[in-house]
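What the coordinates show
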Amino acid sequence: MSNLPTRRLGALEVSAQGLGCMGMSEFYGETDEKESIATIHRAIDLGVRFLDTADMYGPYLNEELVGRAIADRRDQVVLATKFGIVRTDDPHVRGVRGDAAYVRQSVEGSLKRLGVDHIDLYYQHRIDPNVPTEETVGAMAELVAEGKVRYLGLSEAGADTIRRAHAVHPIAALQSEWSLWSRDIEDEVIPTCRELGIGIVPYSPLGRGFLTGRFTKAADFGSKDFRVVGQPRFSEENLAKNLAIVETLRELAAARGVTAGQLALAWVQNQGEDVVPIPGTKRRKYLEENVASVAIELSAEELDRIAAAVPLDQVAGNRYPEQMMRLLNG
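A few points on the structure. (Residues numbered from 1 in each chain as written. Predicted model: local features only at pLDDT ≥ 70, side-chain atom pairs only at ≥ 80, totals over all residues. Heavy atoms only, no water.)

1. Section: the sheet that holds strand 9 (residues 149–155)
Note the following rule: Paired strands are those between which DSSP finds at least two bridges. What counts as a helix is a DSSP run of H or I of at least four residues, what counts as a strand is a run of E of at least two, and both are numbered from the N terminus.
Taking strand neighbours across the sheet as the criterion, the 7 strands line up as 3-4-5-8-9-10-11 in an open arrangement whose pairing is parallel. The open sheet is flanked by strand 3 (19–20) and strand 11 (199–203), the only strands paired with a single partner. Both strand 4 (residues 50–52) and strand 5 (residues 78–83) contribute to a ladder of 3 bridges, which runs parallel. Within strand 5, the residue paired with Leu51 across the bridge is Leu79.

The following block contains the structure:
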């Protein structure tokens, strides 16, 4: 069993890289439970001890899968899950709930599906604009007092919300999208987190797989993949424009003797000791490639050069459909 270096999210110690489990149950085409569980077990063997899921993945199926995978190794992992996004029949429309009753209802469901007596890190998945943050985090704090949850997190929260939440109960981590082509948290959110001692957990650090260079046209994804169904950046027109980004990244990666994906992931990994990316994969071979990126050290000059290779004004398309964009940085 390997040991990756560790990092801290507030007071919570985790492996320097985590594993996003979402795609094991839906969103990214065909699923294979046997390979997914083998991937989780391989991650633990490689020292990746920080697993990320949510009740809305599946919905519910992903927590059940993760629960089965860790049933005989619960003490080897730091387990994170999320509540607050309510699914509708329309895949492009999501509801949100942050009321105290829903917080309690959600945690009981997650504990049961995961088959555990406590959750290590419990996130509010999206901020409910109709419920004061103080009510939501107050209810989450009660779960800590009861021993059902160890640490609290927020996802896609804005700087003001983070401050208000942290005043109610310490927030250990903020999980938001952060990669070479999604950098909107850099101006206000990250400085706020650093001022308050809150760790940063970037999801989709590989740009939903795009920055690996494996995808060159919409047909590469398959008809059920939510990237082509509901992600503006992956429309045929925008994809063609965004391919130039990957080409430059490939050239820089080749000069370092690594893959484009490893370089893109190392860029996020090297943003600070308080940053713990959670690249998602459902296959062992990509997991091993991702974990190898932890060892890639980049100088400040290299970080700037890599960032310059992905000019944000040339990224075509939003990262979500319009209705879901309104739930970001809440």
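2. A short note on the side chain of Gln175
The condition is simple: With a 1.4 Å probe rolled over the protein chains alone, any residue whose accessible area is under 20% of its type maximum counts as buried; one over 50% counts as exposed, and the rest are partly exposed. Polar contacts, as used here, are pairs of N or O atoms within 3.5 Å; protein pairs need one atom able to donate a hydrogen and one able to accept it. Residues neighboring in sequence count only if both atoms are side-chain atoms. Between two residues, a contact is recorded if the distance between any of their heavy atoms is within 4.5 Å.
Here Gln175 is to be found in strand 10 (residues 171–177). For Gln175, a relative accessible area of 2% gives the class buried. Here Asp52 takes part through its side chain, which lies 2.9 Å from a polar atom of the side chain of Gln175. Contacts of Gln175, omitting those with residues within four sequence positions, involve Asp52, Lys82, Tyr123, Leu154, Ser155, Glu156, Val201, Tyr203 and Ile278.

3. Considerations on the nonpolar core
What counts, and what does not: Residue types Ala, Val, Leu, Ile, Met, Phe, Trp, Tyr and Cys, when buried and joined through side-chain atoms within 4.5 Å, form a set referred to as a nonpolar core.
Grouped together as the largest cluster of nonpolar side chains are 74 residues, with contacts concentrated most on Leu19 and Ile40. Considering each element in turn, this core owes the most residues, 6 residues, to helix 9 (residues 260–269). By size, the runner-up hydrophobic cluster in this structure holds 14 residues, among which are Leu9, Leu12, Ala172 and Ile278.

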